[in-house]
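Given next are the chains, with one letter for each unit.
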Amino acid sequence: MATVAAPTIKCEIRFPAGPDWGDASLGSFVLGVSGLGDPSATYSNVSSLVRDVRISRGKNRELEKFQAGHCRVVFSNLNRELDPSYTSSAYYPNVKPGRMIRLYAVYDSVEYPIFKGTIRSWEYGYVSGGPNKGDAIATALASDILYDVGNTEFTDTTSAGLSGQQVISILDSINLTDRSIDTGIHNMQSTAYTRTQTLSTLHNISYSEGVDTAAIFANRTNQLVYEDAASLDVKTNIGTLGTSSLPITDISIEYASDLIKNNIAYTSTGLAQQVQSSASSITDYGLKSLTKTGLLLQNNSDTSSLALLALDQFAEAELRIREVKLRPRANNALMLLALQFELRQLCTIEFKPPGTGTMTQDHFIIGIKYHFQPGGNLECTLRLNSTTGKVGANFVLGSAVLGTSKMGF
């Protein structure tokens, strides 16, 4: 039962100009949207038209790459304000794909950013019969900066050095400056790239840095973020979900074999393949291989250690809390927390199954979904990633020992 007021939605669209990314501009590359806009162009407040908002960011499972975040906003279009053919609209002739959109949840007079991105398409619906005859809606479908980076190519020669330096070099080559980039803790090879897909290269640098202990993603303000292999060690736990003060409404738990990887074969460019395997896991589950080539580490020792990191994370089946659902209107504390969720935050999940005992696990947030109905329901779903093998003191390259608790690369 709801005990606190639902947040209101503040929605703004920048109709006069095409896309930009905060303080960033994008340079000469292949981009799947039309020309760049003027960052000084003003946003129009269209909050009064919003009927429904759905946001999805992150990924579903370990070993996947973070995907572009998406937002779907349903607007009332009874007066044709968002009809691109209606010349009397205040926004005519600028109701177009490629316009920037940003959303805030307003709670207790505070604006919490929940999404910023570019509208990729508009869809229109009209009701010609039944009890809702005469209704009209316009739906904006938007995605964040990761979508744009995924549609770019770049040319650059990166210098040998820490992973963060290479990420910066590539982003400089496409003039993307709205970013937050960790330094990196592992050294990468110098590599010459010619008209190479940008996002896949950034993901490869991230994977070479630390499998999924490092990551490339976009945050809720549309800033591109690179977190290195040491980043998870310093995360502050945001709280324990599942307690009476931070209740959950639903939980999904799995104990599956699809993530088991017990024979890891990694190869960095120009070097020999490095294999790490677990005989006990192979005996229990059969051979489950994971092979990667084209990694960027500078020597075989580092590549072998990366393989061992992956083996420590995935050699055994694990009882995983995969997803939790929340209704933030349950209380003020939960609402304040839910409106500030971000990818890769650390949290604790507490669950009391029927009978006796309590299940308690630490997890990183890898996926966030919101469903806002202005003035009504608010639902939030978190996808979770086990901390096994991802936190703890970083070991010396080439000297890791399988089975150490929660080791990092």
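Note that the structure is a prediction, hence the values are computed from the model and not measured.

Criteria and thresholds
Residues numbered from 1 in each chain as written. Predicted model: local features only at pLDDT ≥ 70, side-chain atom pairs only at ≥ 80, totals over all residues. Heavy atoms only, no water. Pairing = 2+ DSSP bridges. Helix = DSSP H or I, 4+ residues; strand = E, 2+ residues; numbered from the N terminus. Axes fitted to C-alpha atoms, helices over the stretch in contact; angles between N-to-C directions. Buried < 20%, exposed > 50% of the residue type's maximum accessible area, 1.4 Å probe, protein only. pLDDT = per-residue confidence, 0-100. Contact = heavy atoms within 4.5 Å. Core = buried A, V, L, I, M, F, W, Y, C linked by side-chain atoms within 4.5 Å. Salt bridge = Lys/Arg side-chain N within 4 Å of Asp/Glu carboxyl O. Parallel < 35°, antiparallel > 145°, perpendicular 65-115°, else oblique. Nonpolar A, V, L, I, M, F, W, Y, C, P; charged D, E, K, R; others polar. Patch = residues over 30% accessible without salt bridge, like charges linked within 9 Å, V, L, I, M, F, W, Y side chains within 5 Å. Areas by Shrake-Rupley, 256 points an atom, 1.4 Å probe, with all protein chains shown as cover.

Draft legend 1. A look at the sheet that holds strand 14 (residues 224-227). The three strands are arranged 10-14-13 in an open sheet whose pairing can be described as mixed. Pairing within the sheet leaves two strands with one partner each, and these edge strands are strand 10 (179-181) and strand 13 (215-218). Between one strand axis and the next, the sheet turns by 15 degrees as a mean value, whatever way the strands run. Here strand 10 runs beside strand 14; their pairing, made up of three bridges, is parallel.

Draft legend 2. Structural context of the pairing of strand 23 (residues 378-386). Counting buried residues in strand 23 gives eight out of nine residues, a clear majority hidden from the surface. One ladder, built from nine bridges, connects strand 22 (residues 359-372) with strand 23; its direction is antiparallel. By the bridge assignment, His371 is partnered in strand 23 with Glu379.

Draft legend 3. Geometry of the confidence of the model for the chain. Confidence along the chain averages 91 in pLDDT terms, with 90% of residues attaining 70 or more. Low pLDDT, under 50, characterises residues 22-35; the stretch is placed with 38 contacts to residues that sit more than four places away or in other chains. Below pLDDT 50 for its whole length, residues 393-409 participates in 56 contacts with residues either more than four positions away or in separate chains.

Draft legend 4. The arrangement of the sheet that holds strand 18 (residues 274-277) in detail. Reading across the sheet, the three strands line up as 18-17-19 and stay open at both edges, with mixed pairing between neighbours. The sheet terminates laterally at strand 18 and strand 19 (289-295), the two strands that pair on one side only. On average, each strand axis in the sheet is tilted by 10 degrees relative to the strand beside it, whichever way the strands run. Alignment of strand 17 (residues 263-268) against strand 19, held across five bridges, turns out to be parallel. Residue pairing across strands places Ala265 opposite Thr291, the latter belonging to strand 19.

Draft legend 5. A look at the nonpolar core. Within the largest apolar cluster, 57 residues are counted, with the highest numbers of intra-cluster contacts made by Phe75, Leu103, Phe341 and Leu382. In terms of residue count, the dominant contributor to this core is strand 22 (six residues). Excluding its chain neighbours within four sequence positions, the residues that come into contact with Phe341 are Arg220, Ile238, Leu326, Ile365, Ile368, Tyr370, Cys380 and Leu382. In terms of nonpolar packing, the next biggest core, distinct from the first, is built from 35 residues, Ile174, Leu308, Leu309 and Ala315 among them.

Draft legend 6. Spatial organisation of the side chain of Glu342. The residue Glu342 is located in the loop between helix 6 (332-338) and strand 21 (346-351) in this model. On the basis of relative accessible area, Glu342 is assigned to the buried category, the value being 12%. Those residues in contact with Glu342 that sit more than four places away from it in its chain are Arg57, Phe217, Asn219, Arg220, Ile365 and Ile368.

Draft legend 7. Examining the pairing of strand 8 (residues 153-158) more closely. Burial of the side chains of strand 8 is restricted to one face: Phe154, Asp156 and Thr158 are buried, whereas none of Glu153, Thr155 and Thr157 on the reverse face is. Sheet topology note: the strand 8/strand 12 (residues 191-197) ladder contains five bridges and is antiparallel. Directly across from Glu153, in strand 12, lies its bridge partner Gln197.

Draft legend 8. Broad picture of the pattern of salt bridges. Scanning the entire structure with this criterion turns up 20 salt bridges. With its nearest N and O atoms 2.7 Å apart, the salt bridge here joins Arg51 to Asp135. Within this pair, whereas Arg51 is found in strand 3 (residues 50-58), its partner Asp135 is found in the loop between strand 6 (110-126) and strand 7 (136-143), the two being separated by 84 residues in sequence. The closest approach of N and O atoms between Arg80 and Asp83, which form a salt bridge, is 3.0 Å. Judged by relative accessible area, which is 35%, Arg80 ranks as partly exposed. Accessibility expressed as a relative area gives 8% for Asp83, which makes it buried.

Draft legend 9. Structural context of the packing of helix 2 (residues 163-173) against helix 3 (residues 198-210). Between helix 2 and helix 3, the least distance of the axes is 10 Å, while the angle of their chain directions is 175 degrees. Relative to helix 3, helix 2 is oriented roughly antiparallel. On the side of helix 2, the interface is formed by Ser163, Gln166, Val167, Ile170 and Leu171, while helix 3 contributes Thr198, Thr201, Leu202, Ile205 and Glu209. Taken together, the residues that form the contact of helix 2 with helix 3 break down as five nonpolar, four polar and one charged.

Draft legend 10. Main features of a nonpolar patch on the surface. Nonpolar side chains collect at one region of the surface, where Ile253, Tyr255 and Leu319 lie side by side and expose about 310 Å² of accessible area between them. Take Ile253: its relative accessible area is 35%, and that puts it in the partly exposed class.

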